[in-house]
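Now for the letters of each chain:
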Amino acid sequence: MNFIILIASTLVLPLLHSLIKYLFYGLICKEHFESAEFYFDSNIIPHSTFLQELNKLEYIISLLLPNIILGIIPIYIAIKLNILFVLIIGLIGFTICSY
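Residues numbered from 1 in each chain as written. Predicted model: local features only at pLDDT ≥ 70, side-chain atom pairs only at ≥ 80, totals over all residues. Heavy atoms only, no water.

Trainee: Can you explain helix α1 (residues 2–28)? Please cite residues and give values.
Mentor: With 27 residues, α1 extends 37 Å from end C-alpha to end C-alpha; this agrees with the ideal 39 Å at 1.5 Å per step. Inspection of α1 places Leu6, Ser9, Leu13, Pro14, His17, Ser18, Ile20, Lys21, Phe24, Tyr25 and Gly26 among the buried residues, and these make up the whole buried set. (Helix = DSSP H or I, 4+ residues; strand = E, 2+ residues; numbered from the N terminus. Expected span 1.5 Å × (residues − 1). Buried < 20%, exposed > 50% of the residue type's maximum accessible area, 1.4 Å probe, protein only.)

Now the structure itself:
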């Protein structure tokens, strides 16, 4: 069962990564979600982009936010609660967000 969840998480985490970035772009852009795009490329890989310029701080936050939500927070929770499976999911999330 845990193996199936691990495989599923490697398929879902890239989608969540792009959705987090899309939501962030939609919230900070002047035209909100009209300035943000979420799409799948020809290899069914999710992507999110923005159509207007971000300042340096907004860009840095957009790079770090998926890593924090999908990687650092689960790793922290796993260490505090001593749950190996959540640690593995957090490490996979951190790795996926770093590409």
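Don't stop here, the text continues.
Trainee: I'd like a rundown of the nonpolar core, residues and numbers included.
Mentor: Among the nonpolar cores identified, the biggest contains seven residues, and these are Leu6, Leu13, Ile20, Leu70, Ile89, Ile92 and Ile96. The set of elements that each furnish at least two residues to this core consists of α1 and α3 (84–97). Phe24, Tyr25, Cys29 and Leu54 belong to the second-largest nonpolar core, a separate cluster that totals five residues. (Core = buried A, V, L, I, M, F, W, Y, C linked by side-chain atoms within 4.5 Å.)

Trainee: Outline the side chain of Lys21, supporting the account with residue identities and numerical values.
Mentor: When you line up the elements, Lys21 lands in helix α1. For the buried Lys21, no salt bridge is present, and the opposite-charge side chain at shortest range is Glu58, 13 Å distant. Beyond its immediate sequence surroundings of up to four residues, Lys21 is in contact with Ser48, Ser62, Leu63 and Pro66. (Lys, Arg positive; Asp, Glu negative; His and termini not counted. Salt bridge = Lys/Arg side-chain N within 4 Å of Asp/Glu carboxyl O. Contact = heavy atoms within 4.5 Å.)

Trainee: Tell me what's going on with the pairing of strand β2 (residues 46–50), and back it up with residues and numbers.
Mentor: In terms of strand pairing, strand β1 (residues 36–40) meets β2 through five bridges, oriented antiparallel. Bridging from a neighbouring strand, Ala36 pairs with Phe50 of β2. Turn length for the β1-β2 hairpin, with the two strands adjacent in sequence and antiparallel, is five residues, and the turn residue Ile44 shows positive phi of about 60 degrees. (Pairing = 2+ DSSP bridges.)

Trainee: Got a sec to walk through the confidence of the model for the chain? Specific residues and values, please.
Mentor: Overall, the predicted model of the chain reaches an average pLDDT of 82, with 96% of residues at or above 70. Looking at the elements of the chain, mean pLDDT is at its lowest for β2, recorded as 79, and at its highest for helix α2 (residues 56–81), recorded as 88. (pLDDT = per-residue confidence, 0-100.)

Trainee: Outline the packing of aromatic side chains, supporting the account with residue identities and numerical values.
Mentor: Going through the model one piece at a time under the given rule, you end up with three aromatic pairs. Seen from their ring centres, Phe24 and Tyr25 are 6.5 Å apart, and the 55 degrees between their planes marks the pair as tilted. With respect to class, Phe24 is no different from Tyr25; both count as buried. Considering the side-chain rings of Phe38 and Phe40, the 5.5 Å spacing of their centres and the 80 degrees angle between planes classify their relative orientation as edge-to-face. The class for Phe40 is partly exposed, based on a relative accessible area of 47%. (Phe/Tyr/Trp six-rings, centres within 6.5 Å; stacked < 30°, edge-to-face > 60°.)

Trainee: Before we move on, can you summarise the environment of Glu53 with the specific residues and values?
Mentor: Tracing the backbone through its elements, the reader meets Glu53 in the loop between β2 and α2. On the basis of relative accessible area, Glu53 is assigned to the exposed category, the value being 75%. Separated by 18 residues in the primary sequence, Glu53 and Ser35 have C-alpha atoms spaced 9.9 Å apart.

Trainee: Please set out α2 residue by residue, giving values where relevant.
Mentor: In this model α2 runs 36 Å from its N-terminal to its C-terminal C-alpha over 26 residues, within 8% of the 38 Å that 1.5 Å per residue would give. Its axis deflected by about 50 degrees at Ile68, α2 carries its strongest bend there. Among the residues of α2, those classed as buried are Ser62, Pro66, Asn67, Leu70, Gly71, Pro74, Ile75 and Ala78. At the N-terminal boundary of α2, the capping side chain belongs to Asn55, with an oxygen 3.1 Å from the backbone nitrogen of Leu57. Looking at the residues trailing α2, positive phi occurs at Asn82, about 60 degrees. (Bend = angle between axes of the 7 residues up to and from the residue. Polar contact = N/O pair within 3.5 Å; in protein donor to acceptor, adjacent residues only side chain to side chain.)

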